[in-house]
Amino acid sequence: MIFLWTLNPVGSQSQAIFAVYLSIDLIMFAMVSYIFRVSKWGEEVRRLPLFAGCVTLLILLYVGLALW
Amino acid sequence: MSGSEDDHSKETGLVERLVGWFDSRLGLSHELLRPAPRYSINPFYWLGALAVVAFVIQGISGSIMLLYYVPSPATAYASTLYIFQNVSYGQFLETVHLYTAYAMIMLAFMHMMRGFFVSVHKKPREIMWVTGMGMGFVTLGFGFTGYLLPWTVVSYSATKVGTAMIGALPQPVSSFINFLLVGNGGDAGQLLRFFDLHIVVLPAVLLVLLAVKMYMLETHGVSEPVTGEAPDLKKHSKLIPIFPDVSFYLLELAALFGAAMLLISVLFPLSLPVAYSPAAAGQSVPQPDWYFLWIYQIIKISAFEQAGLSAALSFVTLIFVLLTILPFIDRGVTRRISRRPWYVTIGLVFIAEVIVLTIWGQKTPGQVIPDAQGILVLGGTAIAVCIIAFNTYRLLGRRSTNQPLPTPTSSPRSEAGRIHSASIWASVIFVAVLGLGAFSIGGLINSIVVMATFGTNEMEAVTLALSTAALAVSVVGACFLLYRLDLGRGRIKRRVKVFEVGWNQN
């Protein structure tokens, strides 16, 4: 949040960086919530959604840094 | 005592303790909402909930923009441009607001069609369906009213197209809607009314309808999966409490949806078109936004273009009315998709036609569509979908009943050849029958519209008679073919002798 706070909030490039990192936060939340929920139900945590999430996060991190 | 409490708290995790804290203060796990069955933990059951999430995002982003937007023709564009250029994350907010609006409309449509195919409109959820249709109309209203607010040349022209179409509706409907949307204040009055509808009236109506729908959802529960006529709920897996389990699932979906909206906003950032002015409007082609493009494309067909506009709008209104009263039309008990071929086919044709009309409308802005082209494209789409659906049901029917097509006994090789030949001929004849039906419907509508517009003449009367006869032949022909198919499978309950002419019983 401190990092995002340092961005220029009016420039379109900065807004794109903000959007990318906010989406990273949301995807991470979704993954953690998935693991918590499925573990609580006693079911097996499937690897495919986690793998897809991690790949997406890596791509978005790279995009965020590239925009920066 | 305190030592054992400390030991117990150490055993439970942080999240569990947090959830427990909220639960003990708010009583969320105590019958707030009925538990959800395990089978409903599936994104397709939550399309409506995601549409509500989209609505919440719209409310938040819209509330922030409301701090800067001024609803008058002189300042609407300037204040929107100010948000874009000077407000922190203004362009981002505008872009998210637009794409989430699109997503809300798309999710509402998907939610409706999913419900249509799995028959959620059947007893006892008829009123839920009607309420949901009301919410769908309100969602379209959001799109229509919100589109005008930036006061760009594109939005002004598109809204003028829409309000002109409303003017073609029959009285007193047209006068009432005109009073609601335009009043007597000209552009300023219209903008203010659209603004009022967009931020006050429509959200209030949507929230009321949502409350009604949620109450009925609590009453009836989630619809059962389409696995049989009388599913035994005990056989389905456990019931999941709404808090915290299902709530976490909804938060997961909402987080992924939000991330998708953010990334789409990054990939396709919004740029504001030029402000409205009569000179700029003269140079732009009026075109509604994509979710109304299918209606506009129907109206652009030349038979409907001028005096036939009322007929076109009545036709579109009829579609919406039929969708709304669907529970009172489709009274069958069965919910299985495999046993509802007619309704499933109609639903698929509807989706295909809407998609084709939307893409076609995007490709032909401002162009009048010749009648023949309209009949070919729409008729061809319907025929193609019907063929695919027909053959899919034949395949499913053959697999489920395991019945071969009845043929006279002969050698296996010639029998297989006869079955193959019979299948090909049946398909060809069915395509021809459907094609004849599509063209005859188009000719019929064209004749009626021309006669209503320009008066009766001999040529049109002959065309009308021929189209009616062709339509009758195609309907009878389709019934004949389908009767023969069911006769072959032994599914006929009421025999029609005239359709069994030439049928070999052995």
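Residues numbered from 1 in each chain as written. Chains lettered and ligands numbered in written order. Predicted model: local features only at pLDDT ≥ 70, side-chain atom pairs only at ≥ 80, totals over all residues.

To continue, consider the overall build of chain B. Across its full length, chain B carries 19 helices and two strands. The buried share among the 506 residues of chain B stands at 29%. (Helix = DSSP H or I, 4+ residues; strand = E, 2+ residues; numbered from the N terminus. Buried ≥ 20, exposed ≤ 12 C-beta atoms within 10 Å, placed from the backbone.)

Next up on the list: the overall build of chain A. The secondary structure content of chain A amounts to three helices and zero strands. Written out in order from the N terminus, the α and β elements of chain A read α-α-α. Each of the 68 residues in chain A was classed as buried or not, and the buried ones make up 24%. For chain A, long-range pairs separated by at least 24 residues make up 60% of all intrachain contacts whose partners lie at least 6 apart in sequence. (Contact = placed C-beta atoms within 7 Å.)

This part covers helix α5 (residues 90-117) of chain B. What sets the pattern is the α-helix's 3.6 residues per turn: residues three or four places apart point alike. All names here are of chain B. The terminal C-alpha atoms of α5 lie 40 Å apart, and with 28 residues this matches the ideal 40 Å at 1.5 Å per residue to within 8%. By the criterion of burial, α5 is predominantly enclosed, with 21 of the 28 residues buried. Remark: Ser119 follows α5 within two positions and exhibits a positive phi of approximately 60°. (Expected span 1.5 Å × (residues − 1).)

Right, let's talk about the interface of chain B and chain A for a bit. A common way to express how large an interface is: the accessible area buried when the components associate. With 20 residues of chain B at the contact, the number on the chain A side is 19 residues. When contributions to the side of chain B that touches chain A are tallied by element, the ones reaching two or more residues are α5 and α10 (242-267) of chain B. Ranked by the residues each element gives to the side of chain B that touches chain A, the list is headed by α10(B), at 13 residues. Broken down by class, the residue content of the side of chain B that touches chain A amounts to 13 nonpolar, five polar and two charged. (Nonpolar A, V, L, I, M, F, W, Y, C, P; charged D, E, K, R; others polar.)

Turning next to the packing of α5(B) against helix α6 (residues 126-148) of chain B. Residue and element names in this part refer to chain B. Two elements in contact, α5 and α6, have axes whose closest approach is 10 Å; the angle formed by their N-to-C orientations is 160°. Classified by the interaxial angle, the pair formed by α5 and α6 is roughly antiparallel. As α5 packs across α6, the resulting crossing turns out to be left-handed. Residues Ala101, Met104, Ile105, Ala108, Met112 and Gly115 of α5 pack against Trp129, Gly132, Gly136, Thr139, Leu140, Phe142, Gly143 and Gly146 of α6. Taken together, the residues of the contact of α5 with α6 sort by class into eight nonpolar, six polar and no charged. (Axes fitted to C-alpha atoms, helices over the stretch in contact; angles between N-to-C directions. Parallel < 35°, antiparallel > 145°, perpendicular 65-115°, else oblique. Left-handed = near helix turned anticlockwise from the far one by under 90°.)

As a further point, take unusual backbone geometry. Residue and element names in this part refer to chain B. In this chain, Lys123 is followed by Pro124 through a cis amide linkage whose omega measures 5°. Positive phi outside glycine occurs at Tyr89, with the angle close to 60°. On the secondary structure map, Tyr89 appears in the loop between α4 (76-86) and α5. The class of Tyr89 is partly exposed, set by 19 C-beta atoms lying within 10 Å.

Residue and element names in this part refer to chain B. Where helix α12 (residues 293-300) contacts helix α16 (residues 341-363), the axes come no closer than 8 Å and their chain directions differ by 75°. It follows that α12 is roughly perpendicular to α16 by the angle criterion. The residues of α16 that touch α12, namely those facing Leu293, Trp294, Tyr296, Gln297 and Ile298, are Val354, Leu357, Thr358, Trp360, Gly361 and Gln362. Residue composition of the contact of α12 with α16, by class: seven nonpolar, four polar and no charged.

Should pLDDT be low for a region, the predicted coordinates there are not to be read in detail. Residue and element names in this part refer to chain B. In the predicted model, chain B carries a mean pLDDT of 83, and 86% of its residues have values of at least 70. Across residues 1-9, confidence stays below pLDDT 50; counting only partners more than four residues off in sequence or on other chains, it has one contact. Note on residues 403-410: pLDDT is under 50 here. Beyond four places in sequence and across chains, it has 12 contacts. This complex was scored by the predictor with a pTM of 0.75 and an ipTM of 0.91. (pLDDT = per-residue confidence, 0-100.)

The subject of this paragraph is the environment of B:Phe22. Within the secondary structure, B:Phe22 is located in helix α2 (residues 14-26). On a C-alpha basis, the gap between B:Phe22 and B:Pro244 in space is 9.9 Å, while along the polypeptide they are 222 residues apart.

Our focus in this paragraph is the nonpolar core. Residue and element names in this part refer to chain B. In this structure, Ala51, Ala54 and Met104 are the most contacted members of the largest nonpolar core, which totals 65 residues. Excluding its chain neighbours within four sequence positions, the residues that come into contact with Ala51 are Met104, Leu107, Ala108 and His111. Listed in part, the 16 residues of the second largest apolar core include Ala76, Tyr147, Trp151 and Tyr156. (Core = buried A, V, L, I, M, F, W, Y, C linked by C-beta atoms within 7 Å.)

The next subject is the domain arrangement of chain B. Residue and element names in this part refer to chain B. Taken domain by domain, chain B comprises domain 1 (29-224 + 235-335) and domain 2 (403-500). Between domain 1 and domain 2, the residue contacts involve five residues of the former and four residues of the latter. Grouping the constituent residues of the side of domain 1 that touches domain 2 by class yields four nonpolar, one polar and no charged. (Domains from an automatic or database assignment.)

All names here are of chain B. By the element assignment, Glu218 lies in helix α9 (residues 186-220). When the C-alpha atoms of Glu218 and Thr163 are compared, they prove to be 39 Å apart, with 55 residues separating the residues in sequence. Apart from the residues within four sequence positions on either side, Glu218 is in contact with Leu33 and Arg34.

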